[in-house]
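Summary of the model geometry
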Amino acid sequence: MTPIRISTSPLREGRWYEYVIRFALGGTATVFTGLVSSRYGASMGGLFLALPAIFCASATLIEKHEIRRKREAALAGESRGRYAAALDAAGAHWERRDCWLLPSFFGRWSKKACQLPSWRHRSSGWLFRCRPGLCAESGVPPGWRETLAAALQSHAAYNSRAGPQRPPRHPIGPPANPVGCY
Amino acid sequence: MTEYVVRFLVGGIVVSAFAILGDVLRPKSFAGLFGAAPSVALATLGIAVYRHGAGYAATQGFAMMAGAIALGVYSVVVCHLIVHARLRAAPATLLSLVIWLIVAFALWGLAGGRV
């Protein structure tokens, strides 16, 4: 299981206008619920307290950050960005620790996500940690091998690029768990 | 007018604080929990208690439960659209708002909500 930790690097990677967008969206959503409450009553206003207006911005920004990070390494990064946004959406919904708790229709992609190297040893451990045997290849949609292979290649390319070497952001190598589940 | 300015500022600050919390915390899947943090509710309910009293805030909180369930359904739909339909985050989250509206209003209607 991956321990929860704090990393300030995303704050440095963020652009100033992203914080302005979040602030403006938050303020607008709060004003909007106030207007709905005063116009249609407290009950209707309460319904809009859970409007996922902020979530739209958060998921989009997370995707952008991942894509930007990959582009810095001269890689496309679209897939990584999408999966990061999907993980964010999953985290927003599932307050679960193990992917065996996820329903079967939701489990396929969670297995796929937990096999991506970036989250293999870190993020996936918390939400998508699979029980031994549940990360079997059966049931994973076609194309996941290509996705995983591309992710591994891009990871290796990033870590071995020329110039001043950064420490590897995502450790890669033989899995510590022989079952292959994290 | 002053009330709405205060709402805007408080809402912006609370939402930004939760967003920063979501940014700095790792793993990402854990940080995603803060995407669904009741940041707008925190600001709005605080103002509601101050201006209208606890009863008003309780009514809002009750209706919010329907919205929160709809938010759960919304998150699942977003995941599916991103992973299976291969949509980008922005169109996926915006399209899913329709689902949120349908589920939220259906639950609200079932619970006997009235305008």
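Looking only at helices and strands, one finds nine helices and one strand in chain A. Overall, chain A shows an N-to-C arrangement of helices and strands of β-α-α-α-α-α-α-α-α-α. The 182 residues of chain A split such that 52% are buried. Sequence-distant contacts, at least 24 apart, represent 64% of the contacts inside chain A between residues at least 6 apart. Split by element, the accessible area of chain A, about 8500 Å² in all, is 61% carbon and sulfur.

In this section: the overall build of chain B. Tallying secondary structure elements over chain B gives five helices and one strand in all. Taken from N to C terminus, the helices and strands of chain B fall in the order α-β-α-α-α-α. In chain B, which comprises 115 residues, the proportion classed as buried is 45%. The long-range share in chain B, meaning contacts at least 24 apart out of those at least 6 apart in sequence, stands at 47%. Carbon and sulfur atoms make up 76% of the accessible area of chain B, which amounts to about 5400 Å² in all.

Count 3.6 residues to each turn of an α-helix, and residues three or four apart come out pointing the same way. Look at helix H4 (residues 54-83) of chain B: 42 Å from first C-alpha to last across 30 residues, which is about the 44 Å you get at 1.5 Å a residue. Along H4 of chain B, the largest kink reaches about 25 degrees and is centred on methionine 65 of chain B.

By size, the foremost hydrophobic cluster in this structure holds 21 residues, and its most contacted members are Met44, Leu47 and Phe48 of chain A together with Tyr74 and Trp100 of chain B. Take this core: its biggest share by element is eight residues, from H4 of chain B. Ala29 and Ile54 of chain A together with Val15 and Met64 of chain B belong to the second-largest nonpolar core, a separate cluster that totals nine residues.

Scanning the model with the defined rule gives six aromatic pairs over all chains in all. The interplanar angle of 80 degrees and the centroid separation of 5.9 Å between the aromatic rings of phenylalanine 23 of chain A and phenylalanine 8 of chain B together place this pair among those described as edge-to-face. With phenylalanine 23 of chain A in helix H2 (residues 16-40) and phenylalanine 8 of chain B in helix H1 (residues 2-24), the pair connects residues from two separate chains. Just above the ring of tyrosine 40 of chain A sits the side chain of arginine 39 of chain A; from NZ or CZ to the centre is 5.0 Å.

Moving on, we come to unusual backbone geometry. Unlike most non-glycine residues, arginine 86 of chain B shows phi in positive territory, near 55 degrees. Positionally, arginine 86 of chain B belongs in the loop between H4 and helix H5 (89-110).

Our focus in this paragraph is the packing of H2 of chain A against helix H3 (residues 39-52) of chain B. At their nearest, the axes of H2 of chain A and H3 of chain B sit 10 Å apart, and the two run at 50 degrees to each other. Considered as vectors, H2 of chain A and H3 of chain B are oriented oblique to each other. With respect to the hand of their crossing, H2 of chain A and H3 of chain B are arranged in right-handed fashion. Here Ala29, Thr30 and Thr33 of chain A of H2 of chain A lie close against H3 of chain B, whose contacting residues are Val40, Ala43 and Thr44 of chain B. Per-class residue counts for the contact of H2 of chain A with H3 of chain B are three nonpolar, three polar and no charged.

Turning next to a nonpolar patch on the surface. Residue and element names in this part refer to chain A. Taken together, the side chains of Trp16, Tyr17, Val20 and Ile21 present a nonpolar region at the surface, about 430 Å² in accessible area. Structurally, the position occupied by isoleucine 21 is in helix H2. Classification of isoleucine 21 as partly exposed rests on a relative accessible area of 40%.

Residues and elements named next belong to chain A. As for its position among the elements, alanine 53 is in helix H4 (residues 53-72). The spatial distance from the C-alpha of alanine 53 to the C-alpha of alanine 29 is 6.9 Å, given a sequence separation of 24 residues. Filtering out sequence-adjacent residues up to four positions away, alanine 53 remains in contact with Leu25 and Ala29.

Turning our eyes to something else, we now look at the confidence of the model for chain B. Residues and elements named next belong to chain B. The share of residues in chain B with pLDDT of 70 or more is 94%, and the mean pLDDT across the chain is 85. Of all the helices and strands in chain B, helix H2 (residues 28-31) carries the lowest mean pLDDT, 71, while H5 carries the highest, 90. Our summary of model confidence lists the complex with pTM equal to 0.60 and ipTM equal to 0.83.

As a further point, take the packing of H1 of chain B against H3 of chain B. Helix-helix packing: each pair is described by the crossing angle between the helix axes and the interaxial distance. Residue and element names in this part refer to chain B. Contact geometry of H1 with H3 gives a least axis separation of 8 Å together with a crossing angle of 145 degrees. H1 and H3 meet at a crossing whose hand is right-handed. Note on element contacts: H3 touches H1 through Ser39, Val40, Leu42, Ala43, Thr44, Ile47 and Arg51, opposite Glu3, Arg7, Val10, Gly11, Val14, Val15 and Phe18. Split into classes, the residues belonging to the contact of H1 with H3 amount to eight nonpolar, three polar and three charged.

Rules of the game
- Residues numbered from 1 in each chain as written.
- Chains lettered and ligands numbered in written order.
- Predicted model: local features only at pLDDT ≥ 70, side-chain atom pairs only at ≥ 80, totals over all residues.
- Heavy atoms only, no water.
- Helix = DSSP H or I, 4+ residues; strand = E, 2+ residues; numbered from the N terminus.
- Buried < 20%, exposed > 50% of the residue type's maximum accessible area, 1.4 Å probe, protein only.
- Contact = heavy atoms within 4.5 Å.
- Areas by Shrake-Rupley, 256 points an atom, 1.4 Å probe, with all protein chains shown as cover.
- Expected span 1.5 Å × (residues − 1).
- Bend = angle between axes of the 7 residues up to and from the residue.
- Core = buried A, V, L, I, M, F, W, Y, C linked by side-chain atoms within 4.5 Å.
- Phe/Tyr/Trp six-rings, centres within 6.5 Å; stacked < 30°, edge-to-face > 60°.
- Lys NZ or Arg CZ within 6 Å of the ring centre and 35° of its normal.
- Axes fitted to C-alpha atoms, helices over the stretch in contact; angles between N-to-C directions.
- Parallel < 35°, antiparallel > 145°, perpendicular 65-115°, else oblique.
- Left-handed = near helix turned anticlockwise from the far one by under 90°.
- Nonpolar A, V, L, I, M, F, W, Y, C, P; charged D, E, K, R; others polar.
- Patch = residues over 30% accessible without salt bridge, like charges linked within 9 Å, V, L, I, M, F, W, Y side chains within 5 Å.
- Salt bridge = Lys/Arg side-chain N within 4 Å of Asp/Glu carboxyl O.
- pLDDT = per-residue confidence, 0-100.

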